[in-house]
Amino acid sequence: MTNQVSEVVVLVTASSTGEAVKLANLMVEARLAACATVIPQVRSIYRWEGKIHDEQEAMIVFKTASRSFPALEEAIKRHHSYSVPEIIALPIVLGSQPYLEWLRGELLK
């Protein structure tokens, strides 16, 4: 295990499973994320433009490096259907060293 914070998970919601799969494929193909896990159905309750919304969405969990975040964020914004998509990075504080080495090896250098 490592205590360096150079890898992150990035949470992104999408309007549908189809959109989430499209975004996941685009980001992994571009090597902006080593892996993307699509959770097909989540329920989001939020305030937007003065109204409370209760929506079914899909969630994508991207595994990437913090150095890749700016390019990942820009690519998600370019391809996402929302005008203000949720894009939140959380540090991976500890992880299996072989997994983290694999993750680093799958990203753009």
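What this report covers is the structure whose coordinates are included nearby. In every chain, residue numbers begin from 1 and rise along the written sequence. Only residues with pLDDT of 70 or above have their local features reported here, since the model is predicted, and side-chain atom pairs are shown and tallied only from 80 upward, although totals for entire chains, interfaces and linings are computed over all residues. The side-chain numbers reported here are obtained from all heavy atoms of the structure, hydrogens and water having been left aside.

## Quick look at unusual backbone geometry
Here is step 1 of the chain: A positive phi is found at R31, a non-glycine position, where the angle reads about 60°.
Here is step 2 of the chain: Tracing the chain through its elements places R31 in the loop between helix 1 (17–29) and strand 2 (35–48).
Here is step 3 of the chain: Its identity is not glycine, yet E49 carries a phi of approximately 50°, on the positive side.
Here is step 4 of the chain: Numbering of helices and strands starts at the N terminus; helices are DSSP runs of H or I of at least 4 residues and strands are runs of E of at least 2. Along the chain, E49 turns up in the loop between strand 2 and strand 3 (51–65).

## A look at the packing of aromatic side chains
Here is step 1 of the chain: Here is the rule: rings of Phe, Tyr and Trp (six-membered ring for Trp) pair when centre to centre is within 6.5 Å. Planes less than 30 degrees apart are stacked, more than 60 are edge-to-face, and the remainder are tilted. This model, assessed by the stated rule, comprises one aromatic pair.
Here is step 2 of the chain: When the centroid spacing of 5.4 Å and the interplanar angle of 40° are considered together, the rings of Y99 and W102 count as tilted. Remark: W102 and Y99 occur in helix 3 (residues 97–105); sequence separation between them is three residues, near one turn of the helix.
Here is step 3 of the chain: Any residue under 20% of the maximum accessible area for its type is buried, any over 50% is exposed, and the rest in between are partly exposed; the area is computed with a 1.4 Å probe on protein chains only. Residue W102 is classed as partly exposed on the basis of its relative accessible area, which comes to 36%.

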